[in-house]
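# Tertiary structure, described
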Amino acid sequence: MPGSPAHPPRIELSIPAQSEWVRVARLTVAGVAARQGFSIQAVEDLKVAVSEAINNAIQHGPHVGESGEVPMVSIAFEPRPQGLWIVVTDGGRLEHELSLDKSMAPAPQHEADLPEAGMGLLLIRSLMDRVELEGGNDADTSLKMWKALPRKESVRS
């Protein structure tokens, strides 16, 4: 297509690791996804997934240090013709191996017994088409999420 950039744009956002800033990321993903042509439902799914990923980064990432400096969470949006990559990164270091495929504990008997920890990743996996978790004890933690645009049906005459 004439005038198209050789490389798709990468939109980057860095917010303080505080819950009151999650709304800024939600608005940004809504704008990027709407511009790409995602449906209203898909935009809502993306907003929830981004919120969960950032809340997870806030909860498990670094906290305010002795200097009083608030840690940051970065969110990168990478639009592609087939969909959208979103990468949420924090400065957290993990002492255990990362996995999205760990088996779940048996289902609790009552809703009140549901564990809250880990439910965000489960929700993200249900809303996104692909989810990858990267990091460890010597690297920042990144959650990469992919949402595909629906394929356009060709019109036959």
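Residues numbered from 1 in each chain as written. Predicted model: local features only at pLDDT ≥ 70, side-chain atom pairs only at ≥ 80, totals over all residues. Heavy atoms only, no water.

### What about the nonpolar core?
Where a protein is soluble and globular, its nonpolar side chains tend to be buried together. Counting 32 residues, the largest nonpolar core has I54, I75, I86, V88 and M145 as the members making the most contacts within it. When residues of this core are traced back to their parent elements, those giving at least two are β1 (11-16), α1 (22-36), α2 (40-60), β2 (72-80), β3 (83-90), α3 (119-127) and β5 (139-148). When residues of this core are assigned to their parent elements, the largest contribution, nine residues, is made by α2. Those residues in contact with M145 that sit more than four places away from it in its chain are A49, V50, A53, L84, W85, I86, V88, I124, M128 and R130. (Core = buried A, V, L, I, M, F, W, Y, C linked by side-chain atoms within 4.5 Å. Buried < 20%, exposed > 50% of the residue type's maximum accessible area, 1.4 Å probe, protein only. Helix = DSSP H or I, 4+ residues; strand = E, 2+ residues; numbered from the N terminus. Contact = heavy atoms within 4.5 Å.)

### Observations regarding the pattern of salt bridges
Oppositely charged side chains can pair when the atoms bearing their charge come close. By the definition in use, this model includes six salt bridges. Residue R10 is joined to E12 by a salt bridge in which the shortest nitrogen-to-oxygen separation is 2.6 Å. A relative accessible area of 46% means that R10 is categorised as partly exposed. Here R80 and E78 are joined by a salt bridge, their closest N and O atoms 3.4 Å apart. Judged by relative accessible area, which is 27%, R80 ranks as partly exposed. A relative accessible area of 13% places E78 in the buried class. (Salt bridge = Lys/Arg side-chain N within 4 Å of Asp/Glu carboxyl O.)

### Notes on the confidence of the model for the protein chain
The predicted model of the protein chain has a mean per-residue pLDDT of 81, with 73% of residues at 70 or higher. Taken together, the stretch residues 102-115 has pLDDT below 50 and engages in four contacts with residues farther than four places along the chain or on a different chain. (pLDDT = per-residue confidence, 0-100.)

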